[in-house]
Amino acid sequence: MRMNDTVALVTGSAQGIGRAIAVRLAQEGAKIVVEDRQDADAAEQTLAQVRAAGSDGCVIAGNVGSVHDARGVVDAAVAKLGRIDVLVNNAGVERNAPFLEVSEADYDLVLDVNLKGAFFMTQAVVRHLRDSHRGGRIVNISSVHEELPFPHFTSYCASKGGMKMMVRNLAIELAPLGITVNNVAPGAVGTAINNKLLHDPAELSALLANIPLKRLGKVEDVANAVLFLASDEASYVTGTTVYVDGGLLWNYSEQ
Ligand code: BGC
């Protein structure tokens, strides 16, 4: 199996893409730290799926947008499972509002969870790796919107654009420690973050018209890309973004 003898911490893994990543890595032998902000039942369901996939792990709650919590999650994970080899910064939120209406609270939430959370979770895991003299893998779940504008989602785009530059910097700075850092950038995936869209047939068909492969992404599509970047097969890949978007990002045609 591709992830034997490794421990992977997946933030925001009580649902959606995060849960699929947890299960996919578990199928390949990784032990999983299921991290989420609050929904203990949903996090326990992810852990049950990890066990059904033949592996094991634990649930640790914390708000990644708080540096205090981020450090606490990493300490608790190391205390319970002995080590962390792979960090998947998956936790993410978005808020829809015209620029002139964006509130400070919504801006702070989006930037804190998506960017500050990934930043300080990574710092805490890298300190652990450095202290234990081991390399490791950081994989961030970004978005096509690390490149592509998305009107009414400016705080979200700012957070994902920030992740794009964070990955490039950290790939260089952490290479001497044997740590690779990459982004996986999904397009439109059928999860709770897209509930409104999924229930609006007109909006959905307009979106599908922009996707060359003519379907929404599945959580497993994203999880498979994460598995590759987390595995030994990707040991020479760092500082880059893998798009999993059915061709959405660079779609252009004149017919
Ligand atoms: C956003 C979705 C959006 C998709 C494609 C994702 O990053 O979370 O709301 O539908 O990008 O635009």
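Above this text sits the structure in question.
Here we summarise the structure given alongside this text. Computed from a prediction, not measured in an experiment: that's the story for all the values here.

Rules of the game
- Residues numbered from 1 in each chain as written.
- Predicted model: local features only at pLDDT ≥ 70, side-chain atom pairs only at ≥ 80, totals over all residues.
- Heavy atoms only, no water.
- Salt bridge = Lys/Arg side-chain N within 4 Å of Asp/Glu carboxyl O.
- Helix = DSSP H or I, 4+ residues; strand = E, 2+ residues; numbered from the N terminus.
- Buried < 20%, exposed > 50% of the residue type's maximum accessible area, 1.4 Å probe, protein only.
- Near = heavy atom within 4 Å.
- Polar contact = N/O pair within 3.5 Å; in protein donor to acceptor, adjacent residues only side chain to side chain.
- Areas by Shrake-Rupley, 256 points an atom, 1.4 Å probe, with all protein chains shown as cover.
- Axes fitted to C-alpha atoms, helices over the stretch in contact; angles between N-to-C directions.
- Parallel < 35°, antiparallel > 145°, perpendicular 65-115°, else oblique.
- Left-handed = near helix turned anticlockwise from the far one by under 90°.
- Contact = heavy atoms within 4.5 Å.
- Nonpolar A, V, L, I, M, F, W, Y, C, P; charged D, E, K, R; others polar.
- Phe/Tyr/Trp six-rings, centres within 6.5 Å; stacked < 30°, edge-to-face > 60°.

**What about the pattern of salt bridges?**
(1) Moving on: Applying the stated criterion to the full structure yields ten salt bridges.
(2) Moving on: Note that Asp85 and Arg134 form a salt bridge whose closest N and O atoms lie 2.5 Å from each other. Remark: Arg134 occurs in the loop between α4 (104-131) and β5 (136-141) and Asp85 occurs in the loop between α3 (67-81) and β4 (86-89); sequence separation between them is 49 residues. Summarising the burial analysis for this pair, Asp85 and Arg134 share the class buried.
(3) Moving on: Through salt bridges with shared partners, a single network forms among Arg83, Asp85 and Arg134.

**Here's the deal with the site of the ligand**
(1) Moving on: Glu94, Ser143, His145, Phe150, Tyr156, Gly187, Ala188, Ile193 and Asn194 make up every residue found near the ligand.
(2) Moving on: A distance of 2.7 Å separates an oxygen atom of the ligand from a polar atom in the side chain of His145.
(3) Moving on: Between Tyr156 and the ligand, the recorded distance is 2.7 Å, taken from a side-chain N or O atom to an oxygen atom.
(4) Moving on: In isolation the ligand offers 310 Å² of accessible surface; the protein chains occlude 90% of this area.

**Here we look at the packing of helix α1 (residues 16-27) against helix α8 (residues 219-230)**
Axis angle and axis distance: for two packed helices, these are the angle between their axes and the distance between the axes, and together they describe the pair.
(1) Moving on: It is at 8 Å that the axes of α1 and α8 come closest, and there the two elements cross at 50°. In this view, α1 runs oblique relative to α8, as classed from their interaxial angle. The handedness of the crossing between α1 and α8 is right-handed. Contact residues: Gly16, Ile17, Ala20, Ile21, Arg24 and Leu25 in α1; Val219, Glu220, Val222, Ala223, Asn224, Val226, Leu227 and Ala230 in α8.
(2) Moving on: Here the contact of α1 with α8 is built from residues that sort into ten nonpolar, two polar and two charged.

**Focus on the packing of aromatic side chains**
Within a pair of aromatic rings, the relevant descriptors are the distance that separates the centres and the angle that separates the planes.
(1) Moving on: If you walk through the whole model with that rule in mind, you get two aromatic pairs.
(2) Moving on: With centroids separated by 4.0 Å and ring planes inclined at 15°, the aromatic side chains of Phe150 and Phe153 adopt a geometry described as stacked.
(3) Moving on: Phe150 sits in the partly exposed class, given a relative accessible area of 28%.

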